[in-house]
Amino acid sequence: MAMLIATWKHCVYVFSTGLEDEVDTFQEEHERERHRGKRRDGERAKKKKRGNGEGRKRASRAGREEEKLQARREKKGRRKKSSSDQEAEGREGDEADQPTTKSSKAAKTRKNVKNEKTRKVEKEEKEDEADDEERNRKRKKKHGSNKKEENVEDGNTVKEKAGEVKKKKHKKVVETSSEKETSEEEDNEEEDSEEKEVRPETLTPEELEMLKEAVDERKKLIQGLRGKPWAMKKKLVTLRESQEFVDKYEGALGKGKGRKLYAYKVMMTKKWMKFKRDFENFKTACIPWEMKIKEIESHFGSSVASYFIFLRWMYGINMILFCLTFGLVMVPEALMGRPYGTIPRKTVPRAEAPSAMDFAVLWDFGGYAQYSVLFYGYYNNQRAIGWLKFRMPLSYFLVGVGTVAYSYMVVIRTMARNANESGVGDDNSFNFSWKMFTSWDYLIGNPETADNKFASITTIFKEAILEEQESRKDDNIHLTRFLRVLANFLVLCCLAGSGYLIYFVVRRSQKFALDGLENHTWWERNEVNMVMSLLGMFCPMLFDVISALENYHPRVALQWQLGRIFALFLGNLYTFIIALMDEINLKREEENIVKFNITTWEASHYNISASENSTSPPVTIQPADVPRGPCWETMVGQEFVRLIISDTMTTYITLLIGDFLRAVLVRFLNYCWCWDLEAGFPSYSEFDVSGNVLGLIFNQGMIWMGAFYAPCLPALNLLRLHVSMYLQCWAVMCCNVPQERVFKASGSNNFYMAMLLVILFLSTLPAIYTIVTIPPSFDCGPFSGKKRMFDVIQETLESDFPAWFSKVFSSASNPGLVLPFILLMVLAIYYLQSTSKSYKEANVDLKKKLQTQNEENKKKNKLAALKAQMDLEEARKAASPSAEHQKNNNASPDQEDEEEDRGRSQRMYHSKNGRSPPPHRHYGQLPATRAPVPRNYPHGNQGSAGYLPSFPRENEARMHRVPSLQRH
Amino acid sequence: MGNKQTIFTAQQLDSYQDCTYFTRKEILRLFDRYRDLAPQLVPLDYTCQPDVKLPYELIGSMPELKDNPFRQRIAEVFSDDGEGNMTLDDFLDMFSVMSEMAPRDLKAYYAFKIYDFNNDDFLCKSDLEKTLNKLTRNELTEDEVRMVCEKVIDESDLDNDGRLSLEDFQTMIVRAPDFLSTFHIRI
C-alpha cells in the first residue's frame, strides 16, 4: 500500500512540475528501457495489484482540469478520511492556501492541457518506476520548490486545478477502500456530466480555444496511434482515453450558433471517418487472389510473387478498359443501334453466308463474328442512336482516346509512386550492413525456398568478402571480351533473322490471302501468328544459351537477357506492323476499285429498276447482296485478335508441355532411369519471372494497339488474364521449383513499369498514325463518309454546341495561339528539367559532404578515445597508490567513461531543447529517433557537433519521443 | 465461425483497426489464424477479453514463421513477457508491424529489437555474429564472420563506440533499398 501511495504521489508531482524534471525523466526513461527486460516480471505483478484502479484513474484524469474548484470545497471533509495519505494531504493543503493570483498566463495553461495526454503516457511509465524510491525522494525535493511557482502561475486556471485535485481525491478512494470504488465512480461521473452541461457557458474563449486544441491533439494521437512502437495493451488504453476525452469535450465546444455548427461538423467528420473505414474495408475485400499470391510468396519468395502482383495490377487496368469499351461502345450499339441484317455493313455477304457459322471461320473471327459488335466495321455512322440520342461515333472516338489516356495516367502514376518508395538507396556505403540486415526475405515460408535462400545468402557473403579482399582477378580478360562480343553478335544475328522471317511470312500470307484462303492448309493460314509465337518462345531460350558464354554476374546477365528479349519482341511487333501497313495500302487500293464498281453497279441497278418501274413495284435489294469494300479497319482488328489468341494459346501450351509434362516425366520416369532426373539434367523448371513479365507487357501492348479497331480486345484480354492467373498459379505451385538464386523483386518493379511505358508509347504510335493519316473506309465503321476519323469532333462541335463555343474553339486552335502555347510548354519542361538536375547535383554534393564529415568524425572520435585512454593511464600512473582501489571500482574504465559522456551530452541536448522547443512534436518513449546526438568527449574535442544533419524524415508516422517533457 | 460479430464487439474491432494497419476482415482472419493454432485454448468469444496466451512453440510453428531464422527473436520481441508467449494483442501487434502498410521507422525500430539478441539496446559484436550465423546457418568460417561483423560496424557505427545503437541502425536501414520489401510478412 505504501508503495502505491508513493507512486501516486510521485505522479502527482510529475504533473504539477514543469521543465526542470524533463531532463531527469528522459534519462530515466532511457535507463528504464534498458533494464525493462529484467524488471518486467516484477512490474507486472505490481501492475496487477494496482489493477483497474489505474485504468479508472486515467479515465477520470481527462476531466480533472475542470473540476478543481468543486473538489476544493469538498477537500476538507475528504482529508480526514484517509490518514495514510497524510503527506499528500499536506501538500494539497499548501496548494489550497496558495493565493490564487490573477496572472493570466494563458500560454502556460494551454500547454498544460496540450501535454495532458503525453503526461499520461509518461505517468504510466512513472508508475512502473514505483520501486525506485530513492529517485522519487530526490524528485520530491526538487518539485517541492517548483510547486509554489506553479501554483501561482496557474492561479487563474482554477478549473483545471480543480480537476486535478478531484482526480487525486478519486485515486485516494480507489486506493484506500476498494468497496467504495463503484459508488465513488458513479458520483464522479455524475459530477462530470453536470459539469459538462454547465461548462460551455462558464468557459472563457481562451479556454475554449485551449480545449479545442487539446481535442485536436487527441484526434491526431488517435490517427497516429498505429505507428507507435507500443505494446497493444498500451495502445488500446491510450486510444480509449483519447476517445473518451474527445467524446466528452467535443460536443461542448463552441457557443450558440457556432456550437451547433461545430457539433454538426464533428458529427459529419465522424460519419465520414466511418464511411472511409467501411470503404477501405470494402476495397480490401474486393482485391482478388490475395491468398493465392500469399501462398506463392511464401513458397517462392517475393520475386515470383511480384509477377503475380503485376498480373493482378494488369488485370485491374484491363477491367477498366473493358468497362469503358463495353459500356460505352459495344452495349449501346448492340441495344440501340440498328439490328443485324438491316444494312449491308451489318450483314454477312451472300458469298460468305453458307460458311459463316462454321467453327473454323468463327475461330478465325470471320463470318458472323466479323459482322458483329466485336469489330470496327459493324458500327454505323448514324450520328445519334436510340431514344437516348447516344452519339455513337463520338463515343467510339472518345473511348479510343480515353483508354490510351487512362493507361498513360495509370502507368505514370504507378511509376512515380514506386520511385518515391524505393528512391532512397543507391549508394554503396552500407554494403555489408544491408546484406546482413535486409537479405533475409521474411515472406519465405517454405523449407525448400528457405534452404535456397540460406545458400544464396552464404554465397553473397562469400562473394562480397572476396570482392572486399580484392583477391579476385579476371583469369583471362581477352577471352571473356571475345566471348562477349561473339555473344552479342550471335544475338544480333538472331534478332535480324527473326525480323526477316516475320516479314517474309507476312508477305507470303498476303499472297495466300490474294489466292483465297480456302485452298490452303491450316498452317499456311495461321503462319504469321504461329511463327511469331514460336519465335517468342524459342529465341529467349537461345539467348539464355548464348548468355552462358558471357560469364556475367547473374544480375547483370538478367538485365542483358531482358533487354534482348525486349528487343526481339519489339522487332517482331514492328515488323508485323509494317507488314500490316503494306496490307492496309493494298486494301485501300482494292477499296478504290470496289468504289468504282459500286457506282457502276448502282447505276445499272437504278437503270434496271427505273426501266421496270413502270410495270412492277421496285425490287428490294437484300443488304447481303450489296457489294462492299474490304474495310481495312476490321482487317487490322481481326489480325490483332488472332495474334492475341494464338499468343495466349502458345503461352498455355508451353506451360502445359514445358512445365507440367516435364514435371510429370521427371517425377515418374525417375524411378526407372539411369541417372537422377530430379537432380540431374532435365530437373524441374524454374519460374521465369522476367520472361513472363515481358510476355505480359507485350500482350498489353498489342491490346493497346488493336483496341481501337476491335472493341472486343479488352474483353478477350480480361479473359486471358483471368485464366492465366489460375493456370499459372496452379502450374507454379505444382510443377516449378524455387529459384536457386533468389533475386529480389524490388527495384526492378520500376524497370518493368518503364518497359510498359515504352511499349505503351510505341503501341499507341501506329494506332495514332493510322487514325490521323489514313481516311476511314467509305462503307463501314462509325466514321464512314468522313475524310478523317477525328472529324467527328469537329462535327460535334458544330452541331451539338452553341455557335460561340465552336467559334472560340476554332480561334483557339489557330496556329497563332497553339504555337506559343507549345513553346511555353517546352520552356516549362526545360525549366523543370534543369531544376531537377540541379537538385540532383545538390543531393550528390550533400551526400558527399555527409560522407566526408562522417569519416572525419570517426577519426576525431577515435583520436579522442585514444587520448582519453592515455590520459586515464597517466592519471592512473600518477595516482599509483590508489591504483588498485581504482581498478576495483572501475572494471572497464573506458566504457564507463563513455557512458558518462553519453549521459552528459544527452543532458545538454535536453536542456537546450527545453529552452527552445523543437518546431514539431515527438511522441513515444524512444530516446533514439532524434538525429544522433554528438557525443562530447571531455578532452576538448568538441568540433563534432551535428555531423549528421538529419536524414530525410518522410512521414509523420514515425516513432518520436515524449513531447510534454519539453514544455513548461 | 458463423456470425463473425460474436467474436469481438464492434467497438473492439474499431479500436483494433485504430491500433493496427489492418482492416476488419484482416483482423478477423488473423483471429482465425490465431485460433487455429490452438482451438482448444482460444475461446470464440473475445468480447470479455479473456487472458489467453499461446506458448512460443505454437507461434513458432506457424508457416509464416516456421522457416524464419529469427522466429524466436520475433516472438520474444513482440510478446509481452519477452519469452515468446503471445496473447492475441501481441499477435496482432506483430503482424501489424510486419504488414505492408507499416511505415519504415516502425519496422526499423522492431527490426533493431529483433537483431538485438541480448536486449541491451545495442547491436554489439555478439549480436551481429549471431545474426550472421543464423543467416548463413554457420556456413561461414570464424574468420569470415569476424570480418563481416567488423565491416558492418565499420560502416554503420557512426559514433564509434564499437556497437550499433538504434540511431546508427536507423540511419543505415532507412537507406536500404530492400528493407521494406523483405521485412514484411503477408498474412
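The numbering scheme is per chain: residues are counted from 1 as the chain's sequence reads. Each chain takes a letter, starting from A, and each ligand takes a number, starting from 1, following the order in which they are written. Since the coordinates come from a predicted model, pLDDT governs what is reported: local features require at least 70, and pairs of side-chain atoms require 80 or more to be given and counted, while whole-chain, interface and lining totals use all residues. To get the side-chain values, all heavy atoms of the structure are used, and hydrogens and water are removed first.

## Things to note about the overall build of chain A
A run of H or I in DSSP becomes a helix once it reaches four residues, and a run of E becomes a strand once it reaches two; helices and strands are each numbered from the N terminus. Helices and strands together make up the secondary structure of chain A, namely 30 helices and two strands. Whether two residues are in contact is decided by their heavy atoms: any pair within 4.5 Å suffices. The contacts of chain A with a sequence gap of at least 6 include a subset with a gap of at least 24, amounting to 81%. Here the open area of atoms and residues is found with the Shrake-Rupley method and a 1.4 Å probe, where only the protein chains shown may cover a residue. Carbon and sulfur atoms provide 61% of the accessible area of chain A, an area that totals close to 49,600 Å².

## Section: the overall build of chain B
Of the regular secondary structure elements, chain B holds eleven helices and zero strands. Starting at the N terminus and walking to the C terminus, you meet the elements of chain B as α-α-α-α-α-α-α-α-α-α-α. Accessible area is worked out with a 1.4 Å probe on protein chains only. A residue is then buried under 20% of its type maximum, exposed over 50%, and partly exposed in between. Put simply, chain B has 187 residues, and 65% of those count as buried. Taking the intrachain contacts of chain B between residues at least 6 apart in sequence as the baseline, contacts between residues at least 24 apart amount to 57%. Surface accessibility of chain B: about 6,600 Å² in total, with carbon and sulfur atoms responsible for 46%.

## Considering helix H16 (residues 431-438) of chain A
For H16(A), the buried fraction is high: six of the eight residues fall into the buried class. Here H16(A) has its buried residues at Phe432(A), Ser433(A), Trp434(A), Met436(A), Phe437(A) and Thr438(A).

## Topic: the packing of aromatic side chains
Ring pairs are drawn from Phe, Tyr and Trp, using the six-membered ring of Trp, whenever the two centres fall within 6.5 Å, and their geometry is named by plane angle: stacked under 30 degrees, edge-to-face over 60, tilted for the rest. Counted according to the given criterion, the structure contains 48 aromatic pairs over all chains. Note on Tyr500(A) and Phe504(A): the rings are 6.3 Å apart at their centroids and 25 degrees apart in plane angle, and the pair reads as stacked. With Tyr500(A) and Phe504(A) both in helix H18 (residues 477-515) and four residues apart, this pair spans about one turn of that helix. Using a relative accessible area of 58% as the deciding quantity, one classes Tyr500(A) as exposed. Each ring, one from Phe78(B) and one from Tyr110(B), has its centre 4.7 Å from the other, and the planes form 20 degrees; the classification is stacked. Pair noted here: Phe78(B) is in helix H5 (residues 71-78) and Tyr110(B) is in helix H7 (residues 104-115), with a separation of 32 residues, a long-range link. Exposure class is identical for Phe78(B) and Tyr110(B). Each is buried. By the ring-pair criterion, three or more aromatic residues cluster together here, those being Tyr376(A), Tyr378(A), Tyr379(A), Tyr396(A), Phe397(A), Trp632(A), Phe708(A), Tyr709(A) and Phe783(A). For a lysine, the NZ atom is tested; for an arginine, the CZ atom; a charge sits over a ring if that atom is within 6 Å of the ring centre and within 35 degrees of the ring normal. Against the face of Phe245(A) rests Arg218(A), its NZ or CZ located 4.1 Å from the ring centre. Positioned above the aromatic ring of Phe122(B) is the side chain of Arg163(B), whose terminal nitrogen or guanidinium carbon lies 3.8 Å from the ring centre.

## Quick look at the state of the cysteines
Residues and elements named next belong to chain A. Disulfides are defined as pairs of cysteine sulfur atoms found within 2.5 Å of each other. This model, assessed by the stated rule, comprises one disulfide over all chains. Paired through a disulfide, cysteine 631 and cysteine 780 show a sulfur-sulfur distance of 1.9 Å. Around the S-S axis, the bridge from cysteine 631 to cysteine 780 shows a dihedral of about 95 degrees and counts as right-handed. Taken as a pair, cysteine 631 in the loop between helix H21 (554-613) and helix H22 (632-669) and cysteine 780 in the loop between helix H25 (748-773) and helix H26 (791-800) lie far apart in primary sequence, 149 residues in all. Both residues of the pair, cysteine 631 and cysteine 780, belong to the buried class.

## Here we look at the interface of chain A and chain B
Listed as interface residues are 89 residues of chain A and, on the opposing side, 86 residues of chain B. Taken over both partners, the interface formed by chain A and chain B buries close to 8,100 Å², and the fraction arising from carbon and sulfur atoms is 56%. It is Arg226(A), Phe437(A) and Tyr442(A) that lose the most area in chain A upon contact with chain B, and together they represent 11% of the buried surface on that side. Criterion for a salt bridge: a side-chain nitrogen of Lys or Arg within 4 Å of a carboxyl oxygen of Asp or Glu. Across the contact surface, chain A and chain B share four salt bridges. For Asp14(B), the salt bridge goes to Arg277(A), with nearest N and O atoms at 3.3 Å. Buried area is understood as the total, over both parts, of accessible area removed when two parts are fitted together, assessed with a 1.4 Å probe.

## Remarks on the packing of helix H23 (residues 689-706) of chain A against helix H24 (residues 713-735) of chain A
Residue and element names in this part refer to chain A. Contact geometry for H23 and H24: axes closest at 10 Å, N-to-C directions at 165 degrees. The angle between H23 and H24 falls in the class roughly antiparallel. Considering how the two elements wind past one another, H23 and H24 form a crossing that is right-handed. Facing H23, whose interface residues are Asn692, Leu696, Asn699, Gln700, Met702, Ile703 and Gly706, H24 presents Leu713, Pro714, Asn717, Arg720, Leu721 and Gln728. Split by residue class, the contact of H23 with H24 holds six nonpolar, six polar and one charged. Fitting a line to C-alpha atoms yields each axis, with helices limited to the stretch in contact; the angle taken between N-to-C directions then spans 0 to 180 degrees. For classification purposes, an angle smaller than 35 degrees is called roughly parallel, one larger than 145 roughly antiparallel, one from 65 to 115 roughly perpendicular, and anything else oblique. Two helices cross in a left-handed way if the nearer one is turned anticlockwise from the farther one by less than a right angle. They cross in a right-handed way if the turn is clockwise. Each residue is assigned to one of three groups, with Ala, Val, Leu, Ile, Met, Phe, Trp, Tyr, Cys and Pro labelled nonpolar, Asp, Glu, Lys and Arg labelled charged, and all others, Gly among them, labelled polar.

## Observations regarding the UniProt feature "domain: EF-hand" (unreviewed entry) in chain B
What UniProt calls "domain: EF-hand" (unreviewed entry) maps, in this numbering, to residues 144-179 of chain B. Between the end C-alpha atoms of residues 144-179 of chain B the distance is 24 Å, and the span holds 61% helix and 0% strand. UniProt positions are given in the numbering used here, feature names are shortened, and annotations may be inferred rather than shown by experiment.

## Some words on H26(A)
One turn of an α-helix holds 3.6 residues; hence residues three or four places apart share an orientation. Listed as buried for H26(A) are Val792(A), Thr796(A) and Leu797(A). The arc that holds every buried residue of H26(A), seen down its axis, measures 140 degrees, which confines them to one face. Our arc is simply the arc of the directions from the helix axis toward the C-beta atoms.

## Quick notes on the side chain of Ser777(A)
Looking at where Ser777(A) falls in the secondary structure, it is placed in the loop between H25 and H26. A distance of 3.3 Å separates the side chain of Ser777(A) from the side chain of Glu591(A), its partner in a polar contact. Here a polar contact is taken to be a pair of N or O atoms separated by no more than 3.5 Å, where protein atoms must pair a possible hydrogen donor with a possible acceptor and residues adjacent in sequence count only if both atoms sit in side chains.

## Considerations on unusual backbone geometry
All names here are of chain B. The phi dihedral of aspartate 121 is positive, around 65 degrees, even though this residue is not glycine. Along the polypeptide, aspartate 121 turns up in the loop between H7 and helix H8 (125-136). Classification of aspartate 121 by relative accessible area gives buried; the value is 18%. With a phi angle near 60 degrees, asparagine 138 is a residue other than glycine that sits in the positive phi range. Here asparagine 138 is to be found in the loop between H8 and helix H9 (142-156). Overall, the relative accessible area of 56% leaves asparagine 138 in the exposed class.

## Structural notes on the environment of Ile621(A)
Residues and elements named next belong to chain A. Locating isoleucine 621 in the fold gives a position in the loop between H21 and H22. Assessed through its relative accessible area of 35%, isoleucine 621 is described here as partly exposed. When the C-alpha atoms of isoleucine 621 and histidine 605 are compared, they prove to be 9.6 Å apart, with 16 residues separating the residues in sequence. For isoleucine 621, the contacting residues outside a window of four places in its chain are Trp601, His605 and Val626.

## Some details on the nonpolar core
In this structure, Phe308(A), Val641(A) and Met789(A) are the most contacted members of the largest nonpolar core, which totals 101 residues. No other element matches the 17 residues that helix H12 (residues 290-336) of chain A contributes to this core. Discounting chain neighbours no more than four positions away, the residues touching Met789(A) are Tyr376(A), Phe397(A), Trp632(A), Glu633(A), Phe708(A), Tyr709(A), Ile771(A), Pro776(A) and Phe783(A). As used here, the term nonpolar core means buried Ala, Val, Leu, Ile, Met, Phe, Trp, Tyr and Cys residues forming a set that is joined through side-chain atoms within 4.5 Å. One finds Met436(A), Ala111(B), Phe112(B) and Leu132(B) within the second-largest nonpolar core, a separate group that totals 84 residues.

## Concerning the confidence of the model for chain B
Should the pLDDT be low somewhere, the predicted coordinates at that spot are not to be read in detail. Residue and element names in this part refer to chain B. Along the chain, pLDDT gives the predictor's confidence residue by residue, from 0 to 100. Within chain B, residue pLDDT values average 83, and 97% of them lie at 70 or more. Looking over chain B, one finds the lowest element-wise mean pLDDT in helix H11 (residues 179-182), namely 80, and the highest in H7, namely 88. Confidence estimates for the predicted assembly give a pTM of 0.63 and an ipTM of 0.88.

## Topic: the pattern of salt bridges
Oppositely charged side chains can pair when the atoms bearing their charge come close. Applying the stated rule across the entire model yields 18 salt bridges over all chains. Residues Asp93(B) and Lys235(A) are paired through a salt bridge, measuring 3.0 Å at the closest nitrogen-oxygen approach. Of this pair, Asp93(B) sits in helix H6 (residues 88-97) while Lys235(A) sits in helix H10 (residues 232-250), which puts the two residues in different chains. Residue Arg73(B) is joined to Glu76(B) by a salt bridge in which the shortest nitrogen-to-oxygen separation is 2.9 Å. Taken together, the positions of Arg73(B) and Glu76(B), both in helix H5 and three residues apart, correspond to about one turn of that helix. For the pair shown, Arg73(B) and Glu76(B) are each scored as buried.

## Some remarks on the environment of Gly563(A)
Residues and elements named next belong to chain A. In this structure, glycine 563 sits in helix H21. The class of glycine 563 is partly exposed, set by a relative accessible area of 36%. Spatially, the C-alpha atom of glycine 563 lies 10.0 Å from that of leucine 694, the residues being 131 residues apart in sequence.

## A short note on the confidence of the model for chain A
Residue and element names in this part refer to chain A. In this model, chain A carries a mean pLDDT of 70, and residues with pLDDT of at least 70 account for 64%. When pLDDT is averaged over each helix and strand of chain A, the minimum, 41, is found for helix H7 (residues 158-176) and the maximum, 92, for H24. Scored below 50 in pLDDT, residues 1-34 makes 109 contacts in the model with residues more than four places away or belonging to other chains.

## Focus on the side chain of Thr575(A)
Residues and elements named next belong to chain A. Its location among the elements puts threonine 575 in helix H21. Judged by its relative accessible area of 12%, threonine 575 is buried. Among the polar contacts made by the side chain of threonine 575, one reaches the main-chain carbonyl oxygen of glycine 571 at a distance of 2.4 Å. If sequence neighbours within four positions are ignored, threonine 575 has contacts with Gly499, Ile502 and Tyr503.

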